[in-house]
Amino acid sequence: MVWFRAGSRVAKLAVRRTLSQSGSYVARATGSPAQSRCFQTTVFRTKAQSAPVPRPVPLSRLTDSFLDGTSSVYLEELQRAWEQDPNSVDESWDNFFRNFVGQATTSPGISGQTIQESMRLLLLVRAYQVYGHMKAKIDPLGLEERTIPDDLDPGLYGFSEADLDREFFVGVWRLSGFLSENRPVQTLRAILTRLEQAYCGNIGFEYMHIADHEKCNWLRDKIETPTSTQYSRDRREVILDRLIWSTQFENFLAAKWTAAKRFGLEGCETLIPGMKEMFDRSADLGVESIVIGMSHRGRLNVLGNVVRKPLRQIFSEFSGGTKPVDEVGLYTGTGDVKYHLGTSYDRPTRGGKRIHLSLVANPSHLEAVDPLVVGKTRAKQYYSNDVDRTKNMGILIHGDGSFAGQGVVYETLHLSALPNYTTGGTIHIVVNNQVAFTTDPTAGRSSQYCTDVAKALSAPIFHVNGDDVEAVVHACELAAEWRQTFHTDVVVDIVCYRRFGHNEIDEPSFTQPKMYKVIRNHPSAAEIYQKKLLESGQVTKEEIDKINSKVLSILNEEFLASKDYVPKRRDWLSAYWAGFKSPEQLSRIRNTGVKPEILKNVGKAITTLPETFKPHRAVKRIFEDRAKMIESGEGIDWAVAESLAFATLLVEGNHVRLSGQDVERGTFSHRHSVLHDQETGERYCPLDHVIMNQDEEMFTVSNSSLSEFGVLGFELGYSMENPNSLILWEAQFGDFANGAQVMFDQFLSSGEAKWLRQTGLVVLLPHGYDGQGPEHSSARMERFLQMSDDNPFVIPEMDSTLRTQIQECNWQVVNVTTPANYFHVLRRQIHREFRKPLIVMAPKNLLRHKDCKSNLSEFDDVEGHPGFDKQGTRFKRLIKDQNLHSDLEEGIRRLVLCSGKLYYELDEQRKKADAKDVAICRVEQLCPFPYDLVQRELKRYPNAEIVWCQEEPMNMGAYSYIAPRLGTAMKALKRGNVDDIKYVGRAPSAATATGFYMVHTKEQNEIVHKATQPEPINLSHTA
């Protein structure tokens, strides 16, 4: 083994020693002043020019720790001081010298070892710990040209070939591995050999960036243990069997469907045995459930071989697949391509345990599923009372290009240690193909490794050669042990290759000719491992052939069975979801009113503070006012209505979780769900004290990191685990939700249609034109409405007690105008037998608007109280005009339909203008469109011109969605069509709003004046 390199710094060191006998070195900047910051050179000075010699430091001040010492003179002084009085030096130095001298007296071979040599040897060991991965053989293709750092050259530390067989002692107090105190005396050759084996083999370890002493010691023990990892014959047979399954699965698909895209695992088949061994080890360490997220490469192999999705079902999907037919009219949605689908399975482990595996469905947005997996894992921990976070674990499988390139990876990593988001560590596995589609790593990332982003989290990173299945297994097992020991993230980077192109019908040689010339002749991991086992004599050729035959036989049997396979079970219903209806199953609408005594009791709980608690005086006044609202039953504002909704759901046994940027106080300082003692800083959350012995996580409100994509994804994943929970995400301003557009497009709006996965997630998006400019006005409601899947030209069945419309629509979009209606729409999310996402255009100025108040009687279920109709108390999809109009008002000349806070401005202007012949109705639920209630109002005002009024520009807001549906409702009543709708609102605009407050005020006044003007609005579709 070559350790000393030609042209190394040994010669330089010799020259330096020679020169140092007659002079001293100083560093001097050369070149222009601009260059001096970048370039330095070392020049020689004569003694006459020498820099002043540093004064000796008094021994009393030499209290530095051993690891901080660098000067040889300093070391010699320390040793002399220690020999005279061991108590005169720091305890760590005392320990070092005691060990060093003790070894020297017992081993004549090291009597010549100096303190300086010992220190240099320590630096060499540390260099391997820090840089050994740079020399590790992790590229199976051998294409990567890496410069081995000089730090790994023993010559840099003053050692030469003559020192190889000298014995040395290295021992440091409180360190593990090579540097532990109880290490035996070894020759330099033995030390270097073991360092090479530990750090420069087929696994490259990166962990010295971790600032935690205990964690580094734990890894040193695992990595530097003298006995190399050896697997028994039985273990190797299991590993071989799993590797053959992985390889044969891809070969079988390639033979049967030669032209199909499957994004196979060829080139990284070792992932499957690695994952299986990781799961086995995790189960041994207490894990009971694993949530997996991954993109498309290798997904089918993971589904079939790891999660155990029936092979016949996978093969059936390749042949075109059939929709489930076990029930008439069964809802199957639109479906998705086979390499995006998820499933779940209870799998036995090698240790005799069972572990639940679930693979989350994922779109082609490679890393978008990451935060969902973490959120779903956190939810599992809550519902299983996994306080230590050891029973439920998340595993994310990434690609090299996407792990380095996609921001959601960091957003997800960034959640890992936040108290209300942590899951006790996620294991990340990178399938590192060394190419992203057609992009080389040099063009795809700025860092050395694709995994460098994980260093920000102090996560250990294990780079492993994907051709060495035992190394992959070892790294995966070590990752499982790390996660269960330290409950933090860990990364396994499987450096492999992609035998074919981005997909199987792609030609990779167009862009990577050199790489694919090597790949064409490169043996598979299975061939390499079989050869290794045959040469070792542990397995015979007959045994290998037997495994191959068994696997092929099962694959053929499943293929034949796939021709008659018909899905008969809705696998989207986990245990928690049993009894919930899919879109084709009718469910009754339930009332959302609450008994008055319950409202009073919870109202008191959420407005009462402990006597010893000292809130800010303004907050104290707010809570005193809230208590009066509850006591009097009048003037309930938005924040109290929201708290009442949360509190009543908690009383009913539901979990409530609200997260987002600044949600504890609220962006607009209205919520105050967490209070801070002004003297002690202690926190108090009234909603944590609604019921006796309330679980501290039953109500969770949490400020999030400054992330939309990652945090919304987390809450979406959380909401998918259990339907008996109200999960809410609030944007700081609705405008900022577009930072999470992928989540809305790929998951929230279409997840049920693609994957049959329901969610009741609530998204609160502050919206409203108050003159705050283009980034603080619009939640872009037009985007959510455009993604709604209800037909604008067909009026659905609108039965009063069996509502199919809302079940068949993909989500709900509301723009609510009263605290009571907000209370009911939140409770409606839970009080029904299905789940749909709810998009709320949340108010801003209505939070404190003098007219935006409700009475407590609008929240209860008492017959005769406001809000109670023949169906009970529930969310009002449309609020009729409040001027006590009869069922037929022929004298009304204009019906203005609007939504949101604009209603209050219109009503105020109507009063000023005394326009009693103008009716104003609020469409509270925009989607799905309330045809029945709109038609009721059209009948009430048979002679009125029909106006849609909005404060958004014409090309934004609800107009494009409302117009065709309102036209359909009118046409059915023979009241004209879409061309007869008068538009009042801002003109089309590229920006959502003006940045000039005076312009905003002028525009807003024009809208409300035009909507209430005495003259007919003659022009259709004009601002």
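What you see is a predicted model, and the numbers here were worked out from it, not measured in a lab.

Moving on to the overall build of the protein. A tally of regular secondary structure across the protein gives 31 helices and 28 strands. Counting all 1023 residues of the protein, 57% fall into the buried class. Here the analysis covers contacts within the protein between residues at least 6 apart in sequence; of these, 79% occur between residues at least 24 apart. Split by element, the accessible area of the protein, about 43,000 Å² in all, is 51% carbon and sulfur.

Attention now moves to the sheet that holds strand S16 (residues 699-703). The strand order S16-S13-S17-S18-S20-S19-S26 describes an open sheet built from seven strands, whose pairing is mixed. Looking at strand neighbours, the two that pair on one side only are S16 and strand S26 (925-927), the edges of this open sheet. Each strand of the sheet is rotated relative to its neighbour by a mean of 20 degrees, with strand direction disregarded. Two strands pair when backbone bridges link them, and strand S19 (residues 812-814) and S26 are joined in this way by two bridges, in the antiparallel orientation. Following the sheet pairing, Val 814 is matched in S26 by Gln 925. Packed onto the sheet, helix H21 (residues 638-651) meets strand S13 (655-660), S16, strand S17 (725-730) and strand S18 (762-766) and runs at close to 140 degrees relative to S13.

With that settled, the discussion passes to the packing of aromatic side chains. Any two aromatic rings considered together are summarised by their centre-to-centre distance and by the angle between their planes. Taken as a whole and assessed by the stated rule, the structure comprises 24 aromatic pairs. Ring centres of Phe 252 and Phe 559 lie 6.0 Å apart, and the angle between their planes is 75 degrees; on these two criteria the pair is classed as edge-to-face. Of this pair, Phe 252 sits in helix H7 (residues 233-256) while Phe 559 sits in helix H18 (residues 541-562), and the two are 307 residues apart along the sequence. With respect to class, Phe 252 is no different from Phe 559; both count as buried. Each ring, one from Phe 744 and one from Phe 784, has its centre 4.9 Å from the other, and the planes form 85 degrees; the classification is edge-to-face. Of the two residues, Phe 744 sits in helix H23 (residues 741-748) while Phe 784 sits in helix H25 (residues 781-786), which places them 40 residues apart along the sequence. Each of the two residues, Phe 744 as well as Phe 784, counts as buried. Among the aromatic side chains, those forming a connected cluster through ring pairs are Tyr 199, Phe 205, Tyr 207 and Phe 462. Lying over the aromatic face of Phe 559, Lys 256 brings its terminal NZ or CZ to 4.5 Å of the ring centre. Over the ring of Phe 623 we find Arg 626, and its NZ or CZ is 4.9 Å from the ring centre.

The geometry of a pair of packed helices is captured by two quantities: the angle between their axes and the separation between those axes. Where H7 contacts H18, the axes come no closer than 9 Å and their chain directions differ by 45 degrees. Taken as axis vectors, H7 and H18 run oblique relative to one another. Of the two elements, H7 crosses H18, and the hand of that crossing is right-handed. Of H18, the residues touching H7 (which contributes Arg 233, Glu 237, Leu 240, Asp 241, Ile 244, Trp 245, Gln 248, Phe 249, Phe 252 and Lys 256) are Glu 543, Ile 544, Ile 547, Asn 548, Lys 550, Val 551, Leu 552, Ile 554, Leu 555, Asn 556 and Phe 559. Here the residues of the contact of H7 with H18 are counted per class, giving 12 nonpolar, three polar and six charged.

So, on to the nonpolar core. Core analysis: the biggest nonpolar cluster contains 139 residues, and Leu 644, Phe 744, Leu 765, Trp 948 and Cys 949 have the highest contact counts within it. For Phe 744, the residues in contact, after removing those within four places along its chain, are Leu 712, Trp 729, Ala 737, Ser 749, Val 763, Phe 784, Met 787, Trp 811 and Ile 839. Ranked by size, the runner-up nonpolar core spans 104 residues in total, among them Phe 168, Ile 292, Trp 482 and Ile 494.

On to the sheet that holds strand S11 (residues 461-465). Pairing in this open sheet of eight strands is mixed, and the strands run S5-S11-S12-S10-S9-S6-S8-S7 from one edge to the other. Edge positions in the sheet fall to strand S5 (203-206) and strand S7 (343-348), since each has one partner strand and no second. Going from strand to strand, the sheet's axes swing by 20 degrees on average, the running direction of each strand aside. When S7 meets strand S8 (residues 354-359), the two strands line up antiparallel, connected through six bridges. Paired with Ser 344 across the two strands is Ser 358, which belongs to S8. Sitting on the sheet, helix H11 (residues 370-383) touches strand S6 (289-294), S8, strand S9 (392-399) and strand S10 (426-432), and the angle it makes with S9 is about 175 degrees.

A few words on the pattern of salt bridges. Here the structure, examined in full by the defined rule, presents 54 salt bridges. For the salt bridge of Glu 543 with Arg 233, the shortest nitrogen-to-oxygen distance reads 2.7 Å. With Glu 543 in helix H18 and Arg 233 in helix H7, this residue pair connects regions lying 310 residues apart in the sequence. Take Arg 233: its relative accessible area is 34%, and that puts it in the partly exposed class. Look at the salt bridges and you will find they share partners, linking Arg 235, Arg 242, Glu 277, Asp 280, Arg 347, Arg 350 and Glu 477 into a network.

Along the chain, Arg 626 falls in helix H20 (residues 617-632). Lacking a salt bridge, the buried Arg 626 has Asp 637 as its closest oppositely charged neighbour, with an N-O distance of 5.1 Å. Polar contacts involving the side chain of Arg 626 include one to the main-chain carbonyl oxygen of His 670, which spans 2.8 Å. Here Arg 671 takes part through its backbone oxygen, which lies 3.2 Å from a polar atom of the side chain of Arg 626. Here Arg 626 is in contact with Thr 607, Ala 639, Val 640, His 670, Arg 671 and His 672, once residues within four sequence places are set aside.

Checked against the element boundaries, Glu 224 lands in helix H6 (residues 213-224). Sequence spacing of Glu 224 and Ser 176 is 48 residues, and the spatial spacing of their C-alpha atoms is 8.7 Å. Only 2.4 Å separates the side chain of Glu 224 from the side chain of Tyr 199, close enough to count as a polar contact.

As a further point, take the pairing of S5. Alternating residues of S5 divide into Ile 203 and Phe 205 and Gly 204 and Glu 206, and every residue in both groups is buried. Here S5 runs beside S11; their pairing, made up of four bridges, is antiparallel. Bridge pairing in S11 links Phe 205 to Phe 462.

When the terminal C-alpha atoms of helix H17 (residues 525-536) are compared, their 17 Å separation across 12 residues agrees well with the 16 Å that a helix rising 1.5 Å per residue should span. Within H17 the residues assigned to the buried category are Ala 525, Ala 526, Tyr 529, Gln 530 and Leu 533. Looking straight down H17, one finds its buried side chains confined to an arc of 125 degrees; they lie on one side. H17 presents Lys 531 and Glu 535 as exposed residues on the side facing more than 90 degrees away from its buried surface. Of the surrounding elements, those touching the buried residues of H17 are H7, helix H15 (469-486) and H18. Gly 537 occupies a position one or two residues after H17 and carries a positive phi of about 80 degrees.

Residue Cys 927 is joined to Pro 928 through a cis peptide bond whose omega torsion reads -5 degrees. Tracing the backbone through its elements, the reader meets Pro 928 in the loop between S26 and helix H29 (931-940). Not every positive phi belongs to a glycine, and Arg 308 is a case in point at roughly 70 degrees. With respect to the helices, strands and loops of the structure, Arg 308 is situated in the loop between helix H9 (299-305) and helix H10 (311-318).

Right, let's get into the packing of H6 against H15. Relative to each other, H6 and H15 sit at 150 degrees, their axes nearing to 12 Å. When the interaxial angle is binned, H6 and H15 end up roughly antiparallel. In the crossing of H6 with H15, the sense of the turn from one axis to the other is right-handed. Taking contact as the criterion, the partners of Glu 214, Lys 215, Trp 218, Leu 219 and Lys 222 in H6 are, on H15, Leu 478, Glu 481, Trp 482, Thr 485 and Phe 486. Considering only residue class, the contact of H6 with H15 consists of five nonpolar, one polar and four charged.

For S6, the buried fraction is high: six of the six residues fall into the buried class. In S6, alternate side chains face the same way, and those of Ser 289, Val 291 and Gly 293 on one face and Ile 290, Ile 292 and Met 294 on the other are all buried. Sheet analysis places S6 next to S8, joined by four bridges and oriented parallel. Considered in S8, the bridge of Val 291 is made with Ser 358. Relative to S9, S6 runs parallel, the two being bridged by six bridges. Each residue of the ladder has a partner; that of Gly 293, found in S9, is Leu 396.

Thresholds, definitions, all that
- Residues numbered from 1 in each chain as written.
- Predicted model: local features only at pLDDT ≥ 70, side-chain atom pairs only at ≥ 80, totals over all residues.
- Heavy atoms only, no water.
- Helix = DSSP H or I, 4+ residues; strand = E, 2+ residues; numbered from the N terminus.
- Buried < 20%, exposed > 50% of the residue type's maximum accessible area, 1.4 Å probe, protein only.
- Contact = heavy atoms within 4.5 Å.
- Areas by Shrake-Rupley, 256 points an atom, 1.4 Å probe, with all protein chains shown as cover.
- Pairing = 2+ DSSP bridges.
- Axes fitted to C-alpha atoms, helices over the stretch in contact; angles between N-to-C directions.
- Phe/Tyr/Trp six-rings, centres within 6.5 Å; stacked < 30°, edge-to-face > 60°.
- Lys NZ or Arg CZ within 6 Å of the ring centre and 35° of its normal.
- Parallel < 35°, antiparallel > 145°, perpendicular 65-115°, else oblique.
- Left-handed = near helix turned anticlockwise from the far one by under 90°.
- Nonpolar A, V, L, I, M, F, W, Y, C, P; charged D, E, K, R; others polar.
- Core = buried A, V, L, I, M, F, W, Y, C linked by side-chain atoms within 4.5 Å.
- Salt bridge = Lys/Arg side-chain N within 4 Å of Asp/Glu carboxyl O.
- Lys, Arg positive; Asp, Glu negative; His and termini not counted.
- Polar contact = N/O pair within 3.5 Å; in protein donor to acceptor, adjacent residues only side chain to side chain.
- Expected span 1.5 Å × (residues − 1).
- Arc of directions from axis to C-beta.

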